Structures are given as C-alpha cells and as structure tokens.
Amino acid sequence: MSTATDSVDLVGDDVVVNLVRAALLAALMGAFAFVSFPNPLSPAVPVTAQVLGVFLAGIYLGPAWGGFAMALYLLAGVLGAPVFSGASAGLGEIFGPTGGYLLSYPFAAALIGAIVHGTDGLVDPETVSLPRLVAAMGVGVLVIYGFGIPVYWYYLDTSFVAAVFAAGVAFVPAELVKMAAAVGIVRSDEVQAT
C-alpha cells in the first residue's frame, strides 16, 4: 500500500515563510547581542543593539510572528546558545538583573507589531506613517523598561528611583539611536531613491 503525498500540503507556504523569517530575526537578535558596550551612566547593564532587533521583529513580522521570533531567541539562549549580551547563555541569565529586559522582548515585539500593522493583517512597513512607527517603538521601549526596571531593582537591591535612572533613563539616548536606525532600515528604499 502506497500513499501519495505530492498533492498534500502539511503546512501552508505562508507558515513556512513566516517561520523562516522568525528564525532569521531570532538569529539576527543573537548577532545584535554581540554589539555591546558598557553604559558609562549605568555599568551594570550594557548597551546592546538587541532593542533594534525587537523593533525590526515587530515592524517586519507583525504581532504574532514578531513575538514568536523573540520567544525563539530566548529559547535558544536558555538552551545554551551564546546569544545573550556578552555571549552569555543559560537560564541563569533570565534570573539575573537583566532578565526582565530579556523576558520583555516577545511582548514588546508583539505590541510593536500590533501598533504598526493594526488588526487587518500585515501591511507593508514602508507604507506606515513615521509617527505611527515611532509611537510603536516608543510603546515597545516602555514595555521593555516596564519589565527590565523592576527586575533590575529587585536583584541589585537599590532604591526604585536609582533603578529607574540606572536601568531606564540612562538608556534613552541609545534607544533613540536605535529608533532612528529602525526607521532608516524601513525607509531605506526612500533614502536610496533620493
């Protein structure tokens, strides 16, 4: 008895394409972790390009697949791939001073994707207005800080005001640069055309 499978799609083409895109964004996120340097205003938390990865995941993949890409990134790091800041890995990174930032990434990417794409399916990011892109990334940063600051505060046993400064305010200039980079990436065709 033989079974013909040439006319059966076990998984739709859209799912395969989105899964590959999510895997690529997760890998890019791991590469962004290697772009790391100490923040002179807050030496305990390095500045990395990871938030740029969160922005791009939400903008390009939308809420579901953007969040999935970031969850895939976290899973790779927890399972031992050296994809966290400073080429670190393992579950211990989640339960440390910067673990709140890491845990926020799927939620922030999903929210950014929801704001950029709305509820009617995915749109071409190049057609999204600049204010909407910037607002989506701003909300994403608030989610990241909303997870990151309390965890930082808990683990480093400092005052809450000091934690807000050291784990949030000190990074605002870097986040603005990452937002500008994300806008530049999304609008790169427009930049080349002029």
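Remember, it's a predicted structure, so these values are computed and weren't measured experimentally. (Residues numbered from 1 in each chain as written. Predicted model: local features only at pLDDT ≥ 70, side-chain atom pairs only at ≥ 80, totals over all residues. Heavy atoms only, no water.)

1. Observations concerning the overall build of the protein
Here is step 1: Across its full length, the protein holds eight helices and two strands.
Here is step 2: Across its three principal directions, the C-alpha atoms of the protein cover 70 × 50 × 30 Å.
Here is step 3: Taken across its 194 residues, the protein has 41% of its residues classed as buried.
Here is step 4: Of the contacts made within the protein by residues no fewer than 6 positions apart, 70% connect residues no fewer than 24 positions apart.
Here is step 5: Just so you have it, the protein exposes about 10,000 Å², and 71% of that area is on carbon and sulfur atoms. (Helix = DSSP H or I, 4+ residues; strand = E, 2+ residues; numbered from the N terminus. Buried < 20%, exposed > 50% of the residue type's maximum accessible area, 1.4 Å probe, protein only. Contact = heavy atoms within 4.5 Å. Areas by Shrake-Rupley, 256 points an atom, 1.4 Å probe, with all protein chains shown as cover.)

2. Comments concerning the nonpolar core
Here is step 1: One finds Val54, Phe55, Ile59, Tyr73 and Tyr105 to be the most contacted residues of the largest nonpolar core, which totals 51 residues.
Here is step 2: Every element with two or more residues in this core is listed here: α1 (13-32), β2 (42-48), α2 (50-78), α4 (99-117), α5 (130-156), α6 (160-167) and α7 (172-186).
Here is step 3: Excluding residues within four positions of it along the chain, Val54 makes contact with Met29, Met70, Tyr105, Ala108, Ala109, Ile112 and Ile144. (Core = buried A, V, L, I, M, F, W, Y, C linked by side-chain atoms within 4.5 Å.)

3. Some points on the packing of aromatic side chains
Here is step 1: Summed over the entire model, instances satisfying the criterion amount to six aromatic pairs.
Here is step 2: Where Trp65 meets Phe68, the ring centres are 5.4 Å apart and the plane angle is 85°; that geometry is what we call edge-to-face. Of this pair, Trp65 and Phe68 are both found in helix α2, three residues apart, which corresponds to roughly one turn of the helix.
Here is step 3: With centroids separated by 5.6 Å and ring planes inclined at 80°, the aromatic side chains of Tyr73 and Phe84 adopt a geometry described as edge-to-face. Of this pair, Tyr73 sits in helix α2 while Phe84 sits in the loop between α2 and α3 (91-94), placing them 11 residues apart in sequence. (Phe/Tyr/Trp six-rings, centres within 6.5 Å; stacked < 30°, edge-to-face > 60°.)

4. Observations regarding the environment of Phe55
Here is step 1: Turning to its location among the elements, Phe55 is positioned in helix α2.
Here is step 2: Here Phe55 falls in the buried class, since its relative accessible area comes to 0%.
Here is step 3: For the pair Phe55 and Ala27, spaced 28 residues apart in sequence, the C-alpha separation works out to 14 Å.
Here is step 4: What Phe55 contacts, discounting residues up to four positions off in sequence, is Ile112, Met137, Val141, Glu175, Lys178, Met179 and Ala182.

5. Notes on a nonpolar patch on the surface
Here is step 1: Taken together, the side chains of Leu91, Phe95, Tyr154, Tyr155 and Leu156 define a hydrophobic patch exposed on the protein surface, amounting to about 550 Å² of accessible area.
Here is step 2: Here the nonpolar patch gets three residues from one element, more than from any other, and that element is α5.
Here is step 3: Along the chain, the position of Phe95 falls in the loop between α3 and α4. (Patch = residues over 30% accessible without salt bridge, like charges linked within 9 Å, V, L, I, M, F, W, Y side chains within 5 Å. Salt bridge = Lys/Arg side-chain N within 4 Å of Asp/Glu carboxyl O.)

6. Digging into the packing of α2 against α7
Here is step 1: With their axes 9 Å apart at the nearest point, α2 and α7 run at an angle of 40° to one another. α2 and α7 meet at a crossing whose hand is right-handed. Residues Val51, Leu52, Phe55, Leu56, Ile59 and Tyr60 of α2 form the contact with α7, whose participating residues are Glu175, Lys178, Met179, Ala181, Ala182, Ile185 and Val186.
Here is step 2: A breakdown of the residues in the contact of α2 with α7 according to their chemical character gives 11 nonpolar, no polar and two charged. (Axes fitted to C-alpha atoms, helices over the stretch in contact; angles between N-to-C directions. Left-handed = near helix turned anticlockwise from the far one by under 90°. Nonpolar A, V, L, I, M, F, W, Y, C, P; charged D, E, K, R; others polar.)

7. Some words on unusual backbone geometry
Here is step 1: One non-glycine residue, Ala87, lies in the positive phi region at around 60°.
Here is step 2: One can find Ala87 in the loop between α2 and α3.
Here is step 3: Within the chain, Asp157 stands out as a residue other than glycine whose phi angle is a positive 45°.
Here is step 4: Secondary-structure assignment places Asp157 in the loop between α5 and α6.

8. Let's talk about the pattern of salt bridges
Side chains bearing opposite charge may pair, as long as their charged atoms lie close to each other.
Here is step 1: Taken as a whole and assessed by the stated rule, the structure comprises one salt bridge.
Here is step 2: A salt bridge links Glu175 to Lys178, with the nearest nitrogen and oxygen atoms 3.2 Å apart. Taken as a pair, Glu175 and Lys178 lie in helix α7 at a separation of three residues, close to a single helical turn.
Here is step 3: Overall, the relative accessible area of 6% leaves Glu175 in the buried class.
Here is step 4: Since its relative accessible area comes to 8%, Lys178 is described here as buried.

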